[in-house]
Structures are given as structure tokens and as C-alpha cells.
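# Structural overview
Next come the chains, spelled out residue by residue.
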Amino acid sequence: MRFTFLHAADLHIDSPLESLGAKDPAVAALFARAGRAAVEALVAETLASDAKFLLIAGDIFDGDWKDVSTGLFFVRQLGELSRRGIPVFIVRGNHDADSVMSRALDYPQSVRTFASARAETKLLEDLRVALHGRSFAHKGAADDFAQTYPARREGWLNIGVLHTSLAGARGHEPYAPCTLSDLARYGYDYWALGHIHAAEIVARDPWVVYPGNLQGRSPRETGAKGAMRVSVEDGRIVAVEPVALDGARWAHEVVDVSGVADEREALGRIGDALSRAHAAADGRPLATRVSLVGETRLHGRLLAHRETLEADARARGFEIAGDCWVERVKIATRAPPEPAHAAEPDALDVGALIDEAAADPEFAAALATMQRTLAEKLPGALRGEWRIDHAAALARDFLKGERE
Amino acid sequence: MRLEKLTLSPYGRFADLALSFRRDAPLHVVFGANEAGKTTALSALGDLLFGFPVQTTYGFRHDQKLLRIGGAIRLADGSLLELRRRKGNLNTLLDADDKPVSDVALLTALGAVDRRIFESEFGLTARALREGGSALLRAGGGLAETIAASSASLSALSKLRETLQSDADKLFTSRKVAGKDFYVALDAYEAADRKLREATVTADALKATNEKWRALSLKEAELKSDYEVATRHLAKLQRAERTHRKLKRLAVLSDELAAFVDLPCVDAASLEAWAAAQREDREIAARLSQLAAETATADAEIVALQVDEALLEEGAAIDGLSQGLSAVRKAREDLPRRLEARHQAVAQLDEIGRRLGLPGHAALLDRQPSDAELARARTAIDARKRADERLELARGEAERRRVDSERLLAASFAAARDPEPLSRRLAPLADHLADADRLRRERTAVEAEARTLAEGAVRLDPPVADLDALARAPLPDAVTLARAARREAELAEALRAAQRDVTEARRDAETAERALRTYERDAVGATRADWLYARERRDRAFDQLGLLLDGEAAERRERFEDARALVAAADALGDSVVADTERAARLQTAREDCSARRENLARAEANSARLEAERATAADEARALWAPADVAPRSAEAMARWAERAGALLQRRDALTTRRAEAAALAEKLAAAREVVARALADLGRSSPESFEAAYREAQAEREAMTQAWIAAREAMGARESAARAAEDAAGEAARWLDASRVLLADWPAAVAPLALGAEATVEAAEAALEAWRAVASPRQAMGREGRSIEGIEGDLQSFAASVAAMAAKVAPELSAARPEEALKQLGERLARARAAQQSRAQLLKTAAQRAARQRAENLRRESVVATLAAAAARLSASDPGALALALERLQNRRTLEDERAQLARDIAEIGDGLDEAALGAEQGELDPSLLPGEIELARARQAELWQAIPEAARVVRDAQAAHDGLAQGRDAAGAARERNEARGAILDVAERWFLRQAAARLAGRAIERHRAAAQDPLIARAGELFRVATAESFQRLGTDYDDADRPTLVALRADGEKVKVEGLSEGARDQLFLALRLALLERRAGEALPFVGDDILASFDDSRTRMTLALLADFGRARQAILFTHHRHVANLAAAAGADVLEL
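These figures come from a predicted structure and were not determined experimentally.

## Digging into the overall build of chain B
- Counting its regular elements, chain B contains 32 helices and 13 strands.
- Relative to its 1145 residues, chain B shows a buried fraction of 39%.
- Pairs at least 24 residues apart make up 75% of the contacts formed inside chain B by residues separated by at least 6 positions.
- Total accessible area on chain B stands at roughly 63,200 Å², and carbon and sulfur atoms take up 52% of it.

## Re the interface of chain B and chain A
- Taken residue by residue, the interface counts 62 residues in chain B and 59 residues in chain A.
- Note that R328 of chain A is salt-bridged to D989 of chain B, the shortest N-O span being 3.1 Å.
- Put simply, the parts of the chain that give the side of chain B that touches chain A at least two residues each are α3 (115-122), α6 (152-171), α7 (181-199), α8 (203-257), α28 (932-969), α29 (973-1030) and α30 (1067-1083) of chain B.
- Element by element, the count of residues in the side of chain B that touches chain A is highest for α29 of chain B, at 28 residues.
- For the side of chain B that touches chain A, a count of residues per class yields 36 nonpolar, 12 polar and 14 charged.

## Overview of the sheet that holds strand β6 (residues 93-94) of chain B
Residues and elements named next belong to chain B.
- Pairing is antiparallel in the open sheet, where five strands are placed in the order β2-β1-β4-β5-β6. Two strands in the sheet have a free side with no partner beyond their single neighbour: β2 (17-20) and β6.
- In this structure, strand β4 (residues 68-74) lies alongside strand β5 (residues 80-86), joined through seven bridges in antiparallel fashion. For A72, the partnering residue across the bridge sits in β5 and is E82.
- The strands touched by helix α1 (residues 38-50) are β1 (2-8), β2, β4 and β5; relative to β1, the strand with the most contacts, the crossing angle is about 110 degrees.

## Brief notes about the pattern of salt bridges
- One pass over the full model with this rule turns up 133 salt bridges over all chains.
- R197 of chain B is the salt-bridge partner of D193 of chain B, the closest N and O atoms lying 2.6 Å from each other. Here R197 of chain B and D193 of chain B lie together in helix α7, a separation of four residues that amounts to about one turn.
- Here D193 of chain B falls in the buried class, since its relative accessible area comes to 18%.
- Looking at R197 of chain B, the relative accessible area reads 54%, which means it is exposed.
- Through salt bridges with shared partners, a single ionic network connects R306, E307, E310, R314 and R328 of chain A together with D181, D989, E992, R993 and R997 of chain B.

## Points about unusual backbone geometry
- Following D205 of chain A, the chain continues to P206 of chain A via a peptide bond in cis, the omega torsion being -5 degrees.
- With respect to the element layout, P206 of chain A can be found in the loop between β9 (200-204) and β10 (207-210).
- Residue P10 of chain B is bonded to the preceding S9 of chain B through a cis peptide linkage, with omega at -10 degrees.
- Tracing the sequence through the fold places P10 of chain B in the loop between β1 and β2.
- Residues other than glycine seldom take positive phi values, yet N91 of chain B does so here, at roughly 50 degrees.
- Within the secondary structure layout, N91 of chain B lies in the loop between β5 and β6.
- Of note, D630 of chain B is a non-glycine position whose phi angle comes to about 55 degrees, a positive value.
- With respect to the helices and strands, D630 of chain B occurs in the loop between α20 (553-626) and α21 (636-683).

## Some thoughts on α29 of chain B
Residue and element names in this part refer to chain B.
- Compared with an ideal rise of 1.5 Å per residue, which puts 58 residues at 86 Å, α29 spans 75 Å between its outermost C-alpha atoms and falls more than 12% short.
- Of all the bends in α29, the greatest reaches close to 60 degrees and is centred on Q1016; the proline P1018 follows between one and four positions later.
- The buried fraction of α29 amounts to 42 of the 58 residues, a majority that puts the element mostly inside the structure.
- At the exit of α29 stands A1032, carrying a positive phi of roughly 50 degrees.

## Structural notes on the environment of P174 of chain A
Residues and elements named next belong to chain A.
- Inspection of the secondary structure puts P174 in the loop between β7 (157-163) and α6 (180-184).
- Classification of P174 as exposed rests on a relative accessible area of 57%.
- Residues P174 and G140, 34 residues apart in the sequence, show an inter-C-alpha distance of 9.2 Å.

## Notes on helix α2 (residues 34-48) of chain A
Residue and element names in this part refer to chain A.
- In this model, α2 (15 residues) spans 20 Å end to end at C-alpha, consistent with the 21 Å of a helix rising 1.5 Å per residue.
- Within the span of α2, buried status applies to A34, R36, A38, V39, L42, V43, E45 and T46.
- Against the buried residues of α2 lie β1 (2-8), α1 (25-32), β2 (54-57), α3 (68-83), β11 (226-233) and β12 (236-244).
- Positioned one or two residues after α2, D50 has a phi angle of 55 degrees, which is positive.

## Side note on the sheet that holds strand β4 (residues 111-113) of chain A
Residues and elements named next belong to chain A.
- Pairing is mixed across the open sheet formed by six strands, whose spatial order is β4-β3-β2-β1-β11-β12. A strand with exactly one partner marks an edge of an open sheet, and here the two such strands are β4 and β12. Across the sheet, the mean angle separating the axes of adjacent strands is 20 degrees when strand polarity is ignored.
- Note that strand β3 (residues 88-91) and β4 share three bridges and pair parallel.

## Quick notes on the packing of aromatic side chains
- A full pass over the atoms with the stated rule returns 27 aromatic pairs over all chains.
- A ring pair is formed by Y186 of chain A and W191 of chain A, whose centres lie 5.6 Å apart and whose planes are at 70 degrees; its orientation type is edge-to-face. The residues Y186 of chain A and W191 of chain A share a single accessibility class, namely buried.
- With a centroid separation of 5.4 Å and 45 degrees between ring planes, the pair formed by F50 of chain B and F118 of chain B is classed as tilted. Of the two residues, F50 of chain B sits in helix α1 while F118 of chain B sits in helix α3, which places them 68 residues apart along the sequence.
- For F50 of chain B, a relative accessible area of 21% puts it in the partly exposed group.
- Since its relative accessible area comes to 6%, F118 of chain B is described here as buried.
- An aromatic cluster of at least three residues, connected via ring pairs, comprises F3, F5, F53, F89, F114 and Y190 of chain A.

## Details of the nonpolar core
Residues and elements named next belong to chain B.
- Ranked by internal contacts, the top residues of the largest apolar core, which has 84 residues, are L1073, L1075, L1079, F1092, I1097 and L1124.
- With 10 residues, the top contributor of residues to this core is α30.
- Discounting chain neighbours no more than four positions away, the residues touching L1124 are L27, H28, V29, V30, G1094, D1096, I1097, L1098, L1110, L1113 and V1131.

## Considerations on a negative patch on the surface
All names here are of chain B.
- On the surface, D388, E389, E392 and E764 cluster together into a patch of negative charge.
- Looking at the negative patch, the element that brings in the most residues is helix α14 (residues 371-410), giving three residues.
- Looking at where E389 falls in the secondary structure, it is placed in helix α14.

## A short note on the pairing of β2 of chain B
Residues and elements named next belong to chain B.
- Only one face of β2 is buried, namely the one carrying L17 and L19, since none of A18 and S20 on the opposite face is buried.
- Relative to β2, β1 is paired through four bridges, and the arrangement is antiparallel. By the bridge assignment for β2, L6 is matched with L19.

Reading guide: rules and limits
- Residues numbered from 1 in each chain as written.
- Chains lettered and ligands numbered in written order.
- Predicted model: local features only at pLDDT ≥ 70, side-chain atom pairs only at ≥ 80, totals over all residues.
- Heavy atoms only, no water.
- Helix = DSSP H or I, 4+ residues; strand = E, 2+ residues; numbered from the N terminus.
- Buried < 20%, exposed > 50% of the residue type's maximum accessible area, 1.4 Å probe, protein only.
- Contact = heavy atoms within 4.5 Å.
- Areas by Shrake-Rupley, 256 points an atom, 1.4 Å probe, with all protein chains shown as cover.
- Salt bridge = Lys/Arg side-chain N within 4 Å of Asp/Glu carboxyl O.
- Nonpolar A, V, L, I, M, F, W, Y, C, P; charged D, E, K, R; others polar.
- Pairing = 2+ DSSP bridges.
- Axes fitted to C-alpha atoms, helices over the stretch in contact; angles between N-to-C directions.
- Expected span 1.5 Å × (residues − 1).
- Bend = angle between axes of the 7 residues up to and from the residue.
- Phe/Tyr/Trp six-rings, centres within 6.5 Å; stacked < 30°, edge-to-face > 60°.
- Core = buried A, V, L, I, M, F, W, Y, C linked by side-chain atoms within 4.5 Å.
- Patch = residues over 30% accessible without salt bridge, like charges linked within 9 Å, V, L, I, M, F, W, Y side chains within 5 Å.
- Lys, Arg positive; Asp, Glu negative; His and termini not counted.
- Charge placed at Lys NZ, Arg CZ, Asp CG, Glu CD.

Below, the structure is given as C-alpha cells:
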């Protein structure tokens, strides 16, 4: 018998994308429905690939998201699968456990949510599939969470559904920590994991798979996003392949501007990078963060004229396509080392004067005061995010760049 | 570093130029007139040190690959660096054989200085010098800013700091200001946050809307149920209302139909057929009678009609002629106009022929020239006219130029004199104008102050007539005045108290005396004897009353009343006698009180008198105090104030005296200056006005006039040469046009011959003839066109008349003699009448045929009706038509009743809502028909009430459902969250932008401040020395002061220690200060000293300031090389006189 199922996780429906830096509503509109469009694409893909069931390994919603219409949207989408008789298996992740909104949802009967009190097994008799899973009862999970899963059911295709960070942090908070060998000991055929937003096939025997999140939400979540389509033949996993379902895409292009003569040449390199990124986006709206790196004498000018360069880069993006947006241009270049100043400062060496003033501890103290002054005016939620590192050096390079 | 040699071979306009600079010369001046290559040499120096720029402008004459600049540079260590430079990107330094050499030594010497720094710091143009002076003014004297302004780089940094600070302030300030980017983004964030909260649909909110929706739905269902019940009840009542009368009528009909049981059963169709036949028989008879009458009338009309058949046959031809009638009328009207037009065309041609000397239009048309001939004539005429005009203009211009040239040759400019000597004599006095102005203002102010003081002295109370006398007189001191004022105040207070005591004591005494008088007056009352006498009279009256008790009642009453009055009088006197005792006691008391109060009054009056005496003594003392000043004093307090005011006036008087002395000194200084100006004017043969200002201005005006005259003389010399050349050019032009005119005259006869003119014809005659020939075309065409039209019209009219005459002869010979239009009109009218008669006859015949057909049809129908009536009579056993009619009537009545009964049954079936008669009867058994309307109204009202409530309930349910559905669909909370995220990003972006700009501005300020702190003392000291030289020791040095904000400021110090702020310096002095600061800054440079290069920086200075500034540059040039480029000869001369080396390009 041959069939397929889909494995998704970390939908985070209606979780807003990180700031695009776009004041133009038309640009914002390109990315506005990306998250919901990805959910709709997941349902459409489940139907189109004639999948026998859909697994969602946690974090359907953001924990602090209270808008119940988000849940109703998800229920409507699952309704499509229910009408076609396609069951959906869900474990609640740390975010779901924290979500007050999701508790009030009335899922269709074909949706089967794993209990949180203990791990349990749900069977699909006709397919001879045993699904083992356990939901998070609250945000934190006990260290032995993964050890509570039931034993393999012999003669069945055993699938473990688990929301975990595995042993490594992988850039996320550790939840339900366990090791690969811990999972292997269960003898399951497939571990459908969630929580890590980057797709990864951690192991193939047994299959331990993160599908990644359904829709990238920031420049840190780049590339294609979606779910895993798993093919089963005669009770054995034969193929696991990613399916891109995202409604919009993020990219982070690191552009080396070492040796460029001027901003125009730098802009040319940015344009090349954007073209590559856009070609890889499969026609989806693309938001790209461009980080300029390398050692260049333009360092100061790039810092000083970052906004202009960003506007030019955006214009270059629009030349490529109407949905090719540059989220931000970050200047991560460095200036070439300057020759040491003479022991006695030259009265006309303004650069040396600036360097000396920038190295003055009093200047650093003044900058710290400035940072505090501004932080006091920020909304409470943003105060923790507002920090400028290496402020004195940045100010020095910025000033020098403005002088050029 | 000193430049010792500079070679340009080749470079710019120079193929091989070498400039040598003497090693020990304090100042080099490179002189070159305009276009001599001064700028080229300047640029060459930069190219030598730093290389050719990519786009050089000095390769216009020579191949760029061949451009070379050479130089010899003496470094600070004494070594000589000989260089050659070519254009290129790499290895551009060459040796004598054009082989690349290392540039390490040069780069080491240059250090951090690049071309931009060299040109901006070591180079200085006149414009940059003036802008530098202005920058010092803008710096407001602030030391750090002033020092920064003296350096191009630091000045740029200072401006950049201001720009950055301005940019930062636009983004964010700690005080919230709407419109700043940060607060705009913050507001957007908070708005989006609010929007998110409002857009978030919570589970509780959704549940609440769901429950509300369901509750309202239940309420709506109940309303609908009630409505159904009410509707059924109303239907029952309305049904009864509709049917109860019909049910009753049905019962009546059953009784009436019982009377027709003897009639046979006849089906309705037969009965209807019989009745119809009976009606139709009567109708047919009436119609046949009508038709017979109409036939008779129509026959008579046909006989009366007459038709002209012959005329009708020619009808089409007559119509054709009538249609052509309008064309004939138009042709008749058109013919005279065309005849007139042809006549006018012929007349015009005759007139043109006359103008050209030809006998008539026929001859004219024979001589008509071709268009080509006319064009050639036109060309020839235009050419001759143009040549004549140009010749005339050229001759006029030549004459004017000749006159101008002769006038300029005759003019003399010997009177013009060089204004420079006078300028030099006046230059030192330029500042004295300000002194004169100051003196005038000072004098005015002094006079105004004197007037004010005099007025103030007079306004004092007591007034002071002579303030100077008052100043000399001894005045009481403040302590004495205060003591006197205090004593006066105490006496016044005591006196006021004593007077108050007197007043109160007097008031008390008067009150006591008034009381005593009252008691004394009251003491004159009833005595005891009076009382005893009254008692006796009372008793006597009682006795008399007792005697009359048996008498008349009236008398008894009278006596009783008398007795009662006497009793009352006696009682009153008794009371009075008792009261007298108390009154006497009060009187005694009042007398004692009055005496005591009189004594008090006497004491108070004595005290008051004593105090008055003391006050008089004090006044005498005060007068003695003010007597030496000849002032009649007022009160001590007023005099204390008087003394203060007088003292203030005396202080101002002292200050005024000082200012008068200063003004006098200034006047002496100006008088001396006026003598200098007077001598200068006398040398010019001019008298001098008395005042310095007038004299100086007159001298300046004279200098200006001399300058103007001097310039005018120079310009006039050039104009004289130009005028001579212009006169020659104009004469040549006139000769050329004369030759051209002769050539045209030779071709003239052939050109004008086609115009019927001879060779002697003038241009004007030829133009007139040409115009006349051009006028021929229009009348010639008109004459031909009108002639053809006239022939056509006349032929058409003749043809029409002939056709009409022929028609008349055929159908109406009596019209043959009439005019064609009249005859045709008559024929038309007759034809119309014949056609009308013909049409009437045809219509009558057609109607008669139709009527005959109808008569036949009526007769045929009557046969069928008669057969039907016969069958009915047989069925009903009616022996005659009367019996048949009666039987049919009864049958009809029975039929009517049956129909009514059937109709009622159908009605009940229709309006009984499906109930039969029995069911309706049962349903209405309990209803009272008379009450039905009222009950129906009530039921209808109830139903309407429910009906109206249902839509509202439904609407409320819909709203609730929509609210629920809307909530379920969401309120775009995700969009609001997205907006918040964008606003968050915007805030952080603005914060970063602000921080960078604010931090950079702070950093720039700190850098400038560090420079000031490091350079201030030695820089100010050295710049002060240079400034002293530059101002010919008008200023001794520079120093620092502090402004109101305790900020260090730069000041220039005169020999007497006077501090002059930057804004107090003249424009030229500020420029010199800027130059001194710039040069002092260059001297402080740690690296190799590069030459300072000035580009015409003295152009705006007068000779005096130029000399001083040359001295400044020479002073600088003793330690560092100074090179000055100029195109002013006098600057070069002054420099040479000052010991500078002058190189000429």
C-alpha cells in the first residue's frame, strides 16, 4: 500500500512579519496575507497530493496572540480537510499551550489533538498507522517529556509527533529536550518534530524531521518555507521531501564590497545579489536584507549615506520586479587600518582630531547618556531592543563619512 | 619646504616657462596681467606636488602625454628635491631623462596634506579671504568657533556639526515636539497598538455576541408564532365577515325558486339562444329600415356631381408646368443682377485700360502679359528698391561714422588727472567720519541731557532754578533729613491723636449737656397739690353720682362718664407725682457727668495747643537747615525724597560735564583732520567747508569725479580708434551698394516692357503698372461668367411661355391670351376642382355597393332567427309571440335566481378559505355578526403590531449575527499587528538615525574644542603678532575675553588696552584677522611647511591696507614661504617697494 501524509509545524498564524521598513501601503500589501496564504497553501497541498492525513507538530498560534478570529480562520481551513475525510493530528506546542485564544476553538471532528496529561497513541486502522504524541500543557515542559512516549506498536507504521528543540538550542528556547538517541530508542519509523523554524532532516534511520515553520517572518528566517511531504510504501517511509508553501519570502544577502571604487559600484553588486535572490523566490514577494561587508575605504561614506543607499537599493529591487523589496541595507563593512598618527598632532589633521575625540572616555559617557535619554522616550516594549554597540566608533566613522 | 623653481615645459599656454624663487626672500609676488597665465602657474604648482587630475584643463595646446611640470623644492632639512611630473596614474614623477623615480621623499614631505588640504589651507583666494572674514563674524567671537573658522577643514567640520545637529534635532529632541520624526513614529506605534487592542477579538467577546445572537433569534421566533395565531384569528373573523350575508341570502333563494316548479327544464344555452333570437329579430328590423333611407340620399348626391374629364387627362402635364414655375420666377429675379454684374466688369476693365494708356477693355485684354512676365517685373522692381534702400542706409551710416570720428578726434582729455595721490591722502581719514558722526550724536545727546536736567530741576518741589548753584551749596545729609522726617512724623501723629481726643471730649460734653437740658425740661411736671385737688374733684363727682342713682338714666349716664374722667385724671396725676422722684435723681446725675466731660475737653485742648507749638518749632529748624541752599523746604519727608531726586540730577550733571569734555576733545581731533582735508582740496584749487564731514565728503566726491574722468579718458581713447575704423567700413559698404544698383539699372528696360512701360519708367511707375495688370484678372473673369449666365436664363424663359400657351389652347382656349404664369395658375385651380369631384363620386358609388351587401346579409340572418323563435314556441307551448315572451321572461327569472345561487356558492368557495357552507355555518355559530367589525379591528391591530415588531426583531437578529460573523471573521488584528511592527521598526530606525547624527555632531564639537584647547594659547599669541603687523600696530595683540554666557571669546587689543570684539572690527580688519589666524595655524603645522599661496587676496584692499598686509605676509614668509599671485600692477609695485621679489609672467 502506498500513501503520503504531510508534516507541518510552527504555523504561528497571524504572527506579524518583522518590520519591512515600508511606508508604502502597496509594498506592505504584498506581504500582508503571506501567513494565511501559507496555511491555505498547506490545506491545498494536502488535498492536491491526496495525502491521507496531516500532522502539525505544535505552535499553530503565537502564545500571546489573543485574536480568536485567527483560530476561526484555522478552523475553517481544517473544515475543508474534514469535508474530504482527511484527519489532522495536532500536538500543542509551547506557544499553543500559552495561547488563551486556542482553548476556545471548536475543531472539526476529523481533527484529533493529542492529550497533554500523558502521551497517547492514535490509530489509523485502514492505513495501519500508529501516531504517538503528547501536547504541552503549559509553556514549559518537564525534562522527561520525551521519555513518556509509548512503545512502538509492532506491525504498524509508528510516527512520533513531538514539539522539541532536541538537544541543541538551534537558536530557539530549549523545550522538551531530548537527544537523537533518545528518539531512536523508541523504534518509531518517523519522528515528526516541531519548534525549530529551519527545516532539517536530522536523521534518516529513523527519520527525525523538522519541517521548519510555514512562513518566514524575519530576515533570520530566510529561504523557502513550508512542510514535508512523506511518502509511505508498504509500511515503510520511502521519501521525505520539502514542499514550499510560503506566501512571501525573506532573504539575507551578504554583499562583499571590498575593493569597490564608489557607491555606484556597490549598488551594482547589491543589484546582482537581489537578482539572484529574486530568481530563487519562485515568483513570491521577496523581502531582502542586504548586509554590506568587507574592508573598504568607503566604510564611512556608506555609514553616512546608508539611507540614500537603501533607497537606491530599493529602486534597484523595483527594477528587478515590483515585489522585490529591500527590507534594510546594513553597513557591516570596516575601514582599512589608518596609519598611526604622529606623536605631535598636526594642526590640520582633522581626522586625527576626530579619532582622539572619539577615544575620549567622556565621549563614551556622553553617548551612554544619549542612549538613556532616548530609551526613556521609547515604549516599554521597545526599550530592551534599543541599543547601539560600539557607538563611539560608529559615530567616528559616520562623521568621517559625512566629511567625505 | 620652499619652492625654488617652477618650470612649465610644456603646460597650458606655456611651451617653456621657468620661475625662480629666491631662497631668502620673505615674499614672492608673481605678477601677470589678465590672460598672462597666472592661474595656469598656480595650478601647475598643485599638479607638481600632487599630480595631474584626471581631467586636466591645461592640455588644450599641447599633447597631454607631453605635459611636464618641473620644480625644485628645498625641504626643511636643507635638502633639495628636484622633480618633474607628467600626466598619468602611476609613476608620474620623472627624472631629467623622463625615467620614473620614487615619490617617497615627496610624499614624506607632504605628510597628511593632500591636494584638497593644500588648496584650501595653504591656498587662499580673495573670495575665500572675504568669506573667512565673514565666517569670523558669524562665529560671534566664540573662541573655538573663531579658531575653527580660520581653518578651511575645521570650518567645514564646524558647518558639518551644525548640519548634523540640525538634522538630529529634526529627528528627535528629549522634549516632545509634534512633527519630529521620532514622535511621529511613536504616535504611529501607539496608534497601531491601540488599533491592535481594539481589533483583537477575544473568545469572551465572541461568545457574548453569539449568546446575544441566539437570544434575539429566540425572541424573533416567538414573535412569529404569536403572529401566526393572530393571523388565524383574524382570518376567521374576516371570513365570517365575508360570508355570513351570503349564507343568509342562500337560504332566501331556496324559497324563491320554489315558485318556478311548473316550468319545464330548459338548459341555459337554449334559453339564452331563444332570448337572443328574440332580441336580434327586433334589431334586424331596425337596421333594414335605416339602410333603405341611406340609399335614397346617396343616389341624389351622385346625380348632382359634374366632372371635367378632358382637363383631368392633361393633369400630369399641368402639374409638370406648375413645378417649373418657381425656377422661372427665380430666373426672372436673377437676370437683372447678372446684367449689372457684367456691366460693372466691363467698366472696371475699361478703367484699368485707361490707367495703362490703352483705348478700352478689348485692347487691354489683347496686351495682357503672362504670369512669368509679371513675376520677372516684380523681381526687378524689388531688387531695385532694396538696392536703393541699402545704398541710402550705407551712405547715412558712413556719414554718421565720419562725424563721430571727427568729433572724437577733436576731443581733448588732457584735463583728466590721476586720482591715486588724493586717495592716498584721504585713506587715513576714513575712520574719522565715524568720529564726526559720533561727535554730532554726542553733542545732540549732551544738549538733550542738559535740557532734561534743567526740566527735572524745575519739576522738583520746591523747584531748583540753578542746578549748578545747587551743586555748589551745602545740603543736609541723609541722616539729618531722616531724623527730621522721623521727628515730624512723630509730632504729626501725636497732634492727630490730641485732636482726636479734643473732638471726642467735645462730643461727649455736648452729649452730656443735651441730656442735662432734657432732664431739666422734664422736671417741670405735676405737683402733689395738683394730685390732691384732682382726688377731691373725683370724690365729689362720685358723691354727685350717688345722689342721682335714683334719677333719670340719661343723667345717671352723663354723671357716670364725668366721674370716670375725673378718676382717670386723678390716676394720671398720681403717676406723675410718683415719677418725679426718679426724674430728679437722673437730673442730678446728668449735671455731674456734664461737668466731668467739660474738664476732659479742657485738658485735651491744652495738649493739642502744646503739640502745635512743638511743630512750629520744628518747621523753623527745617527752614534753617535748607537756608544755605536757598530752598524753601516742604515737609521733612517730602524733602528727603526731594534730596534723593536732586542728588540723582546732580550725578547726571557730573556725567554730563565729563561727556562735554570728551566731545570737546573729539572736536579738536576732527578740526585737525579737517585741516588735512582742506590742504588736499586747496591743492586741487578748491575751498574747504568748515565741517570735517563736509570737507571729507567733498574731497571724496572730488576723488570720485577724478576717478570717473580718468576712466572716461581711457575709454574715450579706445572709442576714437573704433570710430575711425567704423567710418571706413561704412564708406566701403556704400560703394558696394552703388555698384549693385548700376547693374540692376541695365536690366530694367527688358523687365518693364511687358507692363507697357518704357526704359525711362521709374520704380514707382513700374510698381503701379504691375498693380494695374494684377487687377485685370478679377473683372475679366466676371465679365465672361456673367455673360454665359444671361444667355441661359433668357432661353429658359422663352421655352416656358411656349409650353403654357400650348396647354391653354388645348384645354382652356379662353386663357390663351393670358400671361403664362396667370394662365398656368387658372389651369391648376380648375384641375384641382375636377379632381375633387371625381373623388367624391367614386366614394359615393363605393358606399352604395357596401350598403346593398349589408341589406342582403340582414335578410338572410332574419330567416335563421325566425326559425329559432318557432322552435322555442313549440317547446314552451306558446301559441303566440306574447305567450312566448312571457314564458321566456319567467324562464329568465328562474335562471337568474339559479345563477345567483350558483354564484353565491362559488363566492363562498372562493372566500371561505376552503370551508364549505356547513363548516362555515358551524364556525360562525358562536359569532355575533354585528360585533364582527370591532373584533376584526382589534385582531388587525394586534396582527399589525406583531407584524411591525417582526422586521425590527429580524433586523436586530441580523445585526447580532453580522456582529458575530464580523467578529468571527476578525477585525484585521493581524494588519494592526503588522502596522505596529512597522511603526516599531520606524521608531528604531529614527532612533538609530538620530543617534548617529547627534553623536557625530557631538564628536565634531569635541574635536573642534580639543583643537581649541590645544592650539588656543600659542595660536592666539602668534596670530596676534601677525595681526599687529597687519594693522600697523593699530592693534597690539589678540586676547581672550568672556561673553555673557561665560564663553571664551576672541578680542583684539589696542595699545591702550581697549578690547575690540570681532564684530567691532571693520570688514578689512576682519579679513586681516582671518589671514593672521590662518597663517598662525599653518605655522603650527607639525609636518613639513608647505608654501602659502595667495591668489589676488589684496584686490579689495586700499593701498594702505595692502602695504600692511604685504608686511604681514613678509613676516610670515621669514619662517615659511609666502607666494602671492596678482594681476594688479600697483600691488606688485607696493610689494617691490616693501622688499618682495616680483616675478613677471
